[in-house]
There are 2 protein chains.
Amino acid sequence: MSKTPAETGEDHLIATYFRPLARHPGALGLADDAATLTPPHGFDLVLTKDALIAGVHFFPDDPPDAIARKALRVNLSDLAAKGTRPAGFLLALALPDTVTGEWLTSFARGLGEDAQTYACPLLGGDTVRTPGPLMVSITALGFVPQGKMVQRKGAKPGDKVIVTGTIGDAAFGLELRNNAGALALDPKLREHLLNRYLLPQPRNTIASLVLAYASAAMDISDGLAGDLSKLCRASGVSAEIDVALVPLSDAARAALAANPAVVETILSGGDDYEIACTVPATRSKAFIAAAQSAGVQATEIGDVVAGEGAPRFLRDGKPLALSKTSFSHF
Amino acid sequence: MSKTPAETGEDHLIATYFRPLARHPGALGLADDAATLTPPHGFDLVLTKDALIAGVHFFPDDPPDAIARKALRVNLSDLAAKGTRPAGFLLALALPDTVTGEWLTSFARGLGEDAQTYACPLLGGDTVRTPGPLMVSITALGFVPQGKMVQRKGAKPGDKVIVTGTIGDAAFGLELRNNAGALALDPKLREHLLNRYLLPQPRNTIASLVLAYASAAMDISDGLAGDLSKLCRASGVSAEIDVALVPLSDAARAALAANPAVVETILSGGDDYEIACTVPATRSKAFIAAAQSAGVQATEIGDVVAGEGAPRFLRDGKPLALSKTSFSHF
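Caption draft 1: The arrangement of the sheet that holds strand β7 (residues 160-164) of chain A in detail. Read from one edge of the open sheet, seven strands run β8-β10-β7-β11-β9-β12-β13 (chain A), paired in mixed fashion. Each edge of the open sheet carries a strand with a single partner, namely β8 (216-220) and β13 (318-319) of chain A.

This is the structure:
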């Protein structure tokens, strides 16, 4: 084990690629040991942290700007599902020797563009060398009115279960990325699925609606079935989901038509980064309409019911048995 | 690239090893997607992030509890140097397949004990598998009265340069860890140096004094010479340091007596995790006395002077040329 003597290496790297992104005054130009943030009075801080590793959470040869965007977006997705406005983020980046200046330029560009789009500025971080795979660890911060963060806990029997966007696309995209011949679909549909895996679309535009309407919420990162199970467990309820109501893209619909068994992929596949939430039945239509106005499709897929444990997925009124309910690394 | 289907793997790991540590109510038992923290009115949030990688920042066979403590302490050290009270931390842990339950038990024990000792509770995080080396990335949060965070910027000509503790021990400890025969010292002195490398002693007990007295401060993580250079650059000043005043442990003193060339190791070696700060000359003695009362040795080693660039290190009144001034990974 050794360290390389060189005064300006890390400082130079930070100054070249990341200082231009650090426009928030609290970032102190990334030239101090810590960043500061002045919390607005009456707000809670919301904190989330997701780490992504090359070969596990993304492909080492994914475009660097997409890797950066994904790393930030999976964290933004957590903030959105908690009804929270982004405040900024910290970045830890572990770089193997093989990383080039070109790679870093593209990575920083993607990160900077998304930081601006989502109003979530870079505040600070750490850059280190690794003999292993590239790793991006992001801590994102948000603000939410005091005591109001939307939790997994809070769903009540009678609430409607609602999801944003379409479900299952990213899991199909991962399948295609692993095996280009996995699904017999036309090129446009394949591209849609590949993009959905490569680049999550976090639903931050409706975070304020989640805050106003949802009794419980989380983002779907490990699969609809498994994540709904977690929400139900935290809330001490169960749910009944009508599989026919689960919103599908044209591409997922085509894949399902070709092979009904892929319903499992749709319900259990990871990386959707849509929001699953529960909303009191009397307010569900208003939430859906407001989300629509904000440009986000939201769809009722079932009901919260009394009981405990995993939600039941019903197809034609009959329970669907899933062989696995979500992805886990362990 | 694949993910392992298994619903409860990561949840189980978190519940078993880390939930017992998450006693802060805002951690929500680590059973939600985010944590909350209510900032006290009139305070700024201070944020810092340090990532540690096995084989780079610690030895893979270091005791797991020491790895956990070091990962937390290097972040606590940043908070201390910024005059900040710890508020909590988030942990991203990337685990290779080889990690055992025994390892995790020890890691979590060390982490939990330090979280309690330093009043810095675990708030949340992420646990992932890695095909590479073990990685611990911690984001630590603190609170400081609004606008008062002690920065690298702020040192003024005439201020005294002060360091806490003793300098250079950890660099000797790393040398001994790499090569047991590196220094001819008696076993007790060797053990002192090895421990100083293994387990930093962040100076959080005097954070409030740094806040009250220091015009500028940072923790010494990459070597006294290099880190003082950074502080001087940020402040637009230079400094003159009397090498004879740099506080040494008995072990470092013995190593220096045996070989005067190791002055380079003392001044440029990393991992001290002491505080270097500047204090107006009229208040320097009061700061040192107050630190002493809090159990922390603080020593004047020189003066801030007008000018730009790296501080000059004087031995017997003559400038000492250093071949390198700090450690960097790049």
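Caption draft 2: Looking closely at the relation of the copies chain B and chain A. Rotating chain B by 180° and moving it 0.0 Å along the rotation axis overlays it on chain A with an RMSD of 0.0 Å. Such values leave the two copies arranged in the relation of a two-fold axis. When each C-alpha of chain B is compared by its distance to the rotation axis, Gly132 of chain B comes out closest, at 2.2 Å. Comparing interface residues between copies, 100% of those in chain B also lie at the interface in chain A; the contact surface is shared.

Caption draft 3: Spotlight on helix α4 (residues 169-178) of chain A. The element α4 of chain A is largely enclosed, with a buried count of seven among its 10 residues. Buried positions along α4 of chain A lie against α5 (187-198), α8 (250-258) and α9 (263-268) of chain A.

Caption draft 4: Spatial organisation of the packing of aromatic side chains. Residue and element names in this part refer to chain A. The final tally for this structure, using the stated rule, is eight aromatic pairs over all chains. The interplanar angle of 80° and the centroid separation of 6.2 Å between the aromatic rings of Phe59 and Tyr197 together place this pair among those described as edge-to-face. Of this pair, Phe59 sits in the loop between β3 (43-53) and α2 (64-81) while Tyr197 sits in helix α5, and the two are 138 residues apart along the sequence. Each member of the pair, Phe59 as well as Tyr197, is classed as buried. An aromatic cluster is present here, built from Phe18, Trp103 and Phe107 joined pairwise through their rings. Across from the ring centre of Phe59, 4.1 Å away, lies the NZ or CZ of Arg177, which sits over that ring.

Caption draft 5: Layout of the interface of chain B and chain A. Contact with chain B, which involves 80 residues of that partner, is made by 81 residues of chain A. Both faces combined, the contact of chain B with chain A buries some 7100 Å², and carbon together with sulfur accounts for 60% of it. The partner of Arg152 of chain A in a salt bridge is Asp33 of chain B, and the shortest N-O contact between them spans 2.9 Å. For the pair chain B and chain A, the number of links is 25 residue pairs in polar contact (both at pLDDT 80 or more). The dominant element in the side of chain B that touches chain A, judged by the number of residues it contributes, is strand β3 (residues 43-53) of chain B, at 10 residues. In terms of strand pairing, β3 of chain A meets strand β2 (residues 35-37) of chain B through three bridges, oriented antiparallel. For Leu45 of chain A, the partnering residue across the bridge sits in β2 of chain B and is Leu37 of chain B.

Each value, and the rule that gives it
Residues numbered from 1 in each chain as written. Chains lettered and ligands numbered in written order. Predicted model: local features only at pLDDT ≥ 70, side-chain atom pairs only at ≥ 80, totals over all residues. Heavy atoms only, no water. Pairing = 2+ DSSP bridges. Helix = DSSP H or I, 4+ residues; strand = E, 2+ residues; numbered from the N terminus. Least-squares fit on C-alpha atoms with pLDDT ≥ 70 in both. Contact = heavy atoms within 4.5 Å. Buried < 20%, exposed > 50% of the residue type's maximum accessible area, 1.4 Å probe, protein only. Phe/Tyr/Trp six-rings, centres within 6.5 Å; stacked < 30°, edge-to-face > 60°. Lys NZ or Arg CZ within 6 Å of the ring centre and 35° of its normal. Buried area = accessible area lost by both parts, 1.4 Å probe. Salt bridge = Lys/Arg side-chain N within 4 Å of Asp/Glu carboxyl O. Polar contact = N/O pair within 3.5 Å; in protein donor to acceptor, adjacent residues only side chain to side chain.

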